[in-house]
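Single-letter residue listing:
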Amino acid sequence: MKVAIIGAGMSGLICARELSSQHDVHLFDKARGPAGRMSTRRVEDLHFDHGAQYFTARDPRFQRQVEAWVAAGVIAPWKGAIGVLQSGEVSTPETNPVRYVGVPAMNAPAKRLAAGLNVQLSRRVQTVARSGAGWSLTDESGETLGPFDALVCTVPPAQAADLLCDVAPTYAAQVEQVTLNPCWATLVQFEQRLPLPLDGAFVHDSPLSWIARNSSKPQRDASRDCWVLHASQSWSTQCLEQSPEEIAPQMLAALAAATGLSLPRVAYQTAHRWRYSIPPEPLSVGCLADREVRLAIGGDWCQQAKVEGAYLSGLALAEAVTQWET
Ligand SMILES: Cc1cc2nc3c(=O)[nH]c(=O)nc-3n(C[C@H](O)[C@H](O)[C@H](O)COP(=O)(O)OP(=O)(O)OC[C@H]3O[C@@H](n4cnc5c(N)ncnc54)[C@H](O)[C@@H]3O)c2cc1C
């Protein structure tokens with residue numbers, strides 16, 4: 001079959017990898033690189049993992065993949081000191097699982113998966129239409145892509161609902177019910193090391209929810225103190241339409257308050273708005289699939305709100321498509 005996959009995040013890439021030996025697979029992503037919410041922001045020679053911070057592996061299928069990536073040097077355990085910050089007090093998290101990160105940056109596993117696949121980047125799929133028994137797509141320049149025998153859609157649910165509302169209204173209505181929380185991220189490099197005895201922390205009672213010393217992750221430039229700060233869901237929602245220039249100073253002030261430290265001078269700062277970050281109530285179904293029209297829809301929001309969930313949804317998507325052959 002000729003299969004179109006919209007979205008080259010973890011779920012779309014895994015689905016493509018699973019199908020590519022048997023099918024003619026075409027991946028489309030609007031971004032300049034693969035990885036989606038596992039992307040890395042590069043600013044001159046600074047790198048920030050501004051989306052997913054680390055991932056854990058509990059399902060045996062994902063554990064096997066993680067072992068293979070570790071062996072291939074694509075990911076490594078992050079051994080930084082992780083704590084909990086609340087009102088200036090530091091405590092230990094309840095659990096301390098092995099936390100993996102891509103090396104030298106979080107997008108490494110996605111880049112590895114994309115190698116050798118037919119991935120068209122900077123291709124935003126604008127519309128989806130039925131074409132005979134299959135599907136055709138158009139991109140934002142109006143170019144037609146296809147026809148394809150099967151369609152796999154792995155974009156966040158609000159965007160999936162927009163694409164599918166005319167051609168699969170029942171699925172679009174179901175998908176539209178699933179929300180993803182927004183998240184503001186501030187990326188900062190300090191001129192001197194922030195004197196905090198932690199490399200990452202879950203933050204409570206603050207506009208922030210998480211902070212990480214990006215430069216403490218393996219194979220990063222440890223000589224420059226780079227941090228990623230994530231705002232809480234409620235603060236991000238409240239401030240969603242502010243500009244990055246307004247957001248970054250407020251999140252830095254929140255960092256000073258949460259740590260009780262006076263911050264070193266800032267060498268670089270910016271903020272990134274994730275309009276869609278984490279699904280608070282994922283569907284836990286793996287994927288949605290319609291054999292009649294050969295349409296499958298998935299992503300972390302169909303499984304679990306994390307990298308592992310996206311991986312497992314990618315497997316479920318591939319399994320569904322494989323069954324359509326018979
Ligand atoms: C701020 C933040 C922090 C996170 N922290 C963690 C963490 O610490 N640990 C963890 O395990 N997980 C974390 N996550 C979640 C994790 O990143 C996701 O679960 C996972 O990456 C989702 O993968 P996906 O393939 O389902 O979706 P995505 O990665 O969102 O992939 C969807 C892709 O579709 C593309 N796309 C969208 N619309 C179109 C279109 N019209 N045409 C073409 N392409 C399109 C996008 O560019 C994107 O690449 C975090 C996410 C965010 C944003």
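Above this text sits the structure in question.
Residues numbered from 1 in each chain as written. Predicted model: local features only at pLDDT ≥ 70, side-chain atom pairs only at ≥ 80, totals over all residues. Heavy atoms only, no water.

**Regarding the site of the ligand**
Rule in force here: It suffices for a single heavy atom of a residue to lie within 4 Å of a molecule or strand for the residue to be listed as near it. We define a polar contact as two N or O atoms separated by no more than 3.5 Å, with the added condition that, inside protein, one atom must be a possible hydrogen donor and the other a possible acceptor, whereas residues neighbouring each other in sequence contribute only through side-chain atom pairs. Note on areas: Shrake-Rupley, 1.4 Å probe, and residue coverage restricted to the protein chains presented here. Here a helix means four or more residues in a row that DSSP labels H or I, a strand means two or more in a row labelled E, and each is numbered from the N terminus. Classification used: nonpolar for Ala, Val, Leu, Ile, Met, Phe, Trp, Tyr, Cys and Pro, charged for Asp, Glu, Lys and Arg, polar for all others including Gly. Note that the domain bounds were set by an automatic or database domain assignment.
Every one of the 33 residues lining the ligand counts as a neighbour, but S11, D29, R37, Y54 and D300 are closest to it. The side chain of D29 places a nitrogen or oxygen atom 2.6 Å from an oxygen atom of the ligand. Take D300: an N or O atom from its side chain is 2.7 Å from an oxygen atom of the ligand. With the chains in place, 93% of the 1000 Å² that the ligand exposes on its own is no longer accessible. Those elements that provide at least two residues to the shell around the ligand are α1 (10–19), β18 (266–278) and α8 (307–323). Considered class by class, the residues forming the shell around the ligand number 15 nonpolar, 11 polar and seven charged. For the shell around the ligand, the two domains that each supply at least three residues are domain 1 (2–39 + 109–177 + 283–323) and domain 2 (60–105 + 181–278).

**Considerations on the pattern of salt bridges**
Here is the rule: Here, a salt bridge means any Lys or Arg side-chain nitrogen found within 4 Å of an Asp or Glu carboxyl oxygen. Only protein chains enter the calculation, and the probe is 1.4 Å; a residue is then buried if its accessible area is under 20% of its type maximum, exposed if over 50%, and partly exposed in between.
Per the stated rule, a full pass over the model turns up 14 salt bridges. Ionic pairing is found between R123 and D139, a salt bridge with its closest N-O pair at 2.5 Å. In this pair, R123 is assigned in the loop between β9 (119–120) and β10 (125–131) and D139 in strand β11 (residues 134–139), connecting sequence segments 16 residues apart. Across the pair, D139 and R123 agree in class, each one buried. Across the pair E308 and K306 runs a salt bridge whose closest N-O atoms are separated by 3.6 Å. Residue class for K306 comes out partly exposed when judged on its relative accessible area of 27%. Linked through salt bridges whose partners overlap, the residues forming this network are D45, D221 and R224.

Functional significance is not addressed by these values, which are geometric in nature.
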